[in-house]
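These are the residues of each chain, in order.
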Amino acid sequence: MHSFRYVGQELYCEEVPVSSLAKKHGTPLFVYSQTTLADHFQRLDSALAPLDHLICFAMKSNSNLAVIRTFAELGGGFDTVSAGEIQRVVAAGGDPSKCVFAGVGKTEEEIAFALKQGIYSFNVESEAELARISRVAVRLKKIAPVAVRVNPNVDAHTHAKITTGTYENKFGIQFEHIEAVYARAAKLPNLRLRGLQMHIGSQLTDVEPFRKAVEKVAPLVSRLNARHGFDFFSIGGGLGIVYRDALASGSPAWWKTPEGRKILTPQSYADTLVPLLKPLGLRILLEPGRFLSGNAGVLVTRVEYIKKTGKKNFVIVDAAMNDLIRPAFYDSFHEIVTVRRKGGAKVSSDVVGPVCESGDYFAKDRPLPKVGEGDYLALLSAGAYGSVMGSNYNSRALPAEVMVKGRKSALVRRRQEIPEIWGNESVASWQGR
Ligand SMILES: *Cc1c(COP(=O)(O)O)cnc(C)c1O
């Protein structure tokens, strides 16, 4: 569920008309609903109430300080993948002792930084990394809490670029090798074997792959816990969201008849997994990203031109692939709605941006209301892997971001000024001034 809906003819985010935000802050503009972020967190949190648990928001999905602060205030932790992300948590007033640090390529500097910050655990991806963390910990005279990431070799049946739980990809350590790895890790100095971690993929709309993975890994966790005295088991993130019926799914009524709809609710997720996890007697960590932030954000853009070719009706907008790369990168579908509701016959349209790439599109052959220059469109479900993947390609400034709560709205990232794009560049000394 989320808080974007039409009231009369106008699209609202909570109690604020989206058009007023677009007029005030310009476009392209990301708009986030704080109520939606909090609602998603709390639904998951209460569904998991039977377990000792910690929800660590995968902040790579949306690392705006205001978003981080929202989850920090709700008691959440953070799944981080770089020293930069840990610094962001600190900058947003979050607690580093609730951060886990994942990723296959942690540098010595990043490990040292994370140790000094007192993070909850390193999620370790290789034996070489265990050895490195141990070395850094010895040097700093600290004990490093670690969990090894197990690759359970369970196919999540999701897009190839976001599946992570099979032996085809770079993540984790093979299931069959894990016990030997822990036995060797136990001999390394200054490590505390604190838990086990897994993450099988992203945008899973079915609970089955989660069930399979937990069923396969839980006995391993028990054995390792008996030997090494664990605190936690992290089951990762990957909970999928609604992209196709994004607007409709904002209404509570839509969720009342889930038969035939491929959706994952916090309750169905918990109903399946809690009975498997509870007997472990460990704290359960979750690392959801998209589930918390995805439907909580939209990207608002303005129509610049309509261009008709023999075959196509192109709607050229002022947002581009550098603002939201998911369609180009993952062939993703984002529902597109007009900010002012329009009736009439739909026109098959390609919604494209100004960037000089054929891949710069948001929709192809999409039935859309007839729109014209100056109309605002909203690309829904843009709160996860949207702004964070933005770039300055074509020397386009990073867009502004706004957070809404009730009737209030705040600019939580101002639009980048064009000269800031090259602000850290210079010409070579021999090129003169
Ligand atoms: C990306 C990632 C997540 C979050 O994935 P979502 O699909 O956004 O929930 C969680 N854990 C790890 C290790 C990740 O790499």
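Residues numbered from 1 in each chain as written. Predicted model: local features only at pLDDT ≥ 70, side-chain atom pairs only at ≥ 80, totals over all residues. Heavy atoms only, no water.

Structural notes on the nonpolar core
At step 1: Ranked by size, the top nonpolar core spans 93 residues in total, and within it Phe122, Leu196, Phe233, Ile235 and Tyr269 carry the most contacts.
At step 2: No other element matches helix H8 (residues 208-228), which puts eight residues into this core.
At step 3: Composition of this core by domain shows at least three residues from each of domain 1 (34-293) and domain 2 (295-414).
At step 4: The next biggest cluster of nonpolar side chains, apart from the first, holds 22 residues, and it includes Val16, Val31, Val300 and Val339. (Core = buried A, V, L, I, M, F, W, Y, C linked by side-chain atoms within 4.5 Å. Buried < 20%, exposed > 50% of the residue type's maximum accessible area, 1.4 Å probe, protein only. Helix = DSSP H or I, 4+ residues; strand = E, 2+ residues; numbered from the N terminus. Domains from an automatic or database assignment.)

Brief notes about the packing of helix H2 (residues 34-47) against helix H9 (residues 266-277)
At step 1: Taken N-terminus to C-terminus, the directions of H2 and H9 make an angle of 25°; their axes are 9 Å apart at the nearest point. The angle between the axes of H2 and H9 places the two elements in the roughly parallel class. Seen along the crossing, H2 lies across H9 with a hand that is right-handed. Across the interface between the two elements, Arg43, Leu44 and Ala47 of H2 pack against Pro266, Gln267, Tyr269, Ala270 and Val274 of H9.
At step 2: Its residues assigned to classes, the contact of H2 with H9 shows six nonpolar, one polar and one charged. (Axes fitted to C-alpha atoms, helices over the stretch in contact; angles between N-to-C directions. Parallel < 35°, antiparallel > 145°, perpendicular 65-115°, else oblique. Left-handed = near helix turned anticlockwise from the far one by under 90°. Contact = heavy atoms within 4.5 Å. Nonpolar A, V, L, I, M, F, W, Y, C, P; charged D, E, K, R; others polar.)

A word on H8
At step 1: For H8, spanning 21 residues, the distance from its first C-alpha to its last is 29 Å, which sits close to the expected 30 Å at 1.5 Å a residue.
At step 2: Where H8 bends most, the angle comes to about 30°, and this point is Val217, followed within four residues by the proline Pro219.
At step 3: Buried within H8 we find Pro209, Phe210, Ala213, Val214, Val217, Ala218, Leu220, Val221 and Leu224.
At step 4: Where H8 is buried, its residues meet strand E9 (144-151), helix H7 (178-185), strand E11 (191-197), strand E12 (232-234) and H9.
At step 5: Directly beyond the C-terminal end of H8, a positive phi value near 70° is found at Gly229. (Expected span 1.5 Å × (residues − 1). Bend = angle between axes of the 7 residues up to and from the residue.)

Some points on unusual backbone geometry
At step 1: In the segment running from Thr27 into Pro28, the intervening peptide bond is cis, with an omega of -5°.
At step 2: Looking at the element boundaries, Pro28 is found in the loop between helix H1 (18-25) and strand E4 (29-33).
At step 3: The phi torsion at Asn394 lies on the positive side, around 65°, for a residue other than glycine.
At step 4: Within the secondary structure layout, Asn394 lies in the loop between strand E19 (376-379) and strand E20 (400-405).
At step 5: With a relative accessible area of 34%, Asn394 lands in the partly exposed category.
At step 6: One non-glycine residue, Ser395, adopts positive backbone phi at about 50°.

Comments concerning the domain arrangement of the protein
At step 1: Parsing the protein into structural domains produces domain 1 (34-293) and domain 2 (295-414).
At step 2: Taken over C-alpha atoms, the centre of domain 1 sits 31 Å from the centre of domain 2.
At step 3: In this assembly, 26 residues from domain 1 lie in contact with 25 residues from domain 2.
At step 4: For the domain 1 and domain 2 pair, buried surface summed over both sides reaches about 2200 Å², with 55% attributable to carbon and sulfur atoms.
At step 5: On inspection of domain 1 and its partner domain 2, the count reaches 11 residue pairs in polar contact (both at pLDDT 80 or more).
At step 6: Elements that contribute at least two residues to the side of domain 1 that touches domain 2 include exactly H2, helix H3 (65-73) and helix H10 (290-293).
At step 7: Top contributing element to the side of domain 1 that touches domain 2 by residue count: H2, with five residues.
At step 8: Looking at the side of domain 1 that touches domain 2, its residues break down into 10 nonpolar, 11 polar and five charged. (Buried area = accessible area lost by both parts, 1.4 Å probe. Polar contact = N/O pair within 3.5 Å; in protein donor to acceptor, adjacent residues only side chain to side chain.)

Details of the sheet that holds strand E3 (residues 16-17)
At step 1: Pairing is antiparallel across the open sheet formed by three strands, whose spatial order is E1-E2-E3. Each edge of the open sheet is held by one strand with a lone partner, namely strand E1 (4-7) and E3. (Pairing = 2+ DSSP bridges.)

With respect to the pattern of salt bridges
At step 1: Per the stated rule, a full pass over the model turns up 22 salt bridges.
At step 2: Between Asp39 and Arg43 there is a salt bridge, with the nearest N and O atoms lying 2.8 Å from each other. Taken together, the residues span about one helical turn, with Asp39 and Arg43 both in helix H2 at a distance of four residues.
At step 3: The class of Arg43 is partly exposed, set by a relative accessible area of 34%.
At step 4: Here Lys312 ties to Asp350 by a salt bridge, and the two come within 3.1 Å at their closest N and O atoms. Of this pair, Lys312 sits in the loop between strand E14 (297-308) and strand E15 (313-317) while Asp350 sits in strand E17 (residues 346-352), placing them 38 residues apart in sequence.
At step 5: A relative accessible area of 4% means that Asp350 is categorised as buried. (Salt bridge = Lys/Arg side-chain N within 4 Å of Asp/Glu carboxyl O.)

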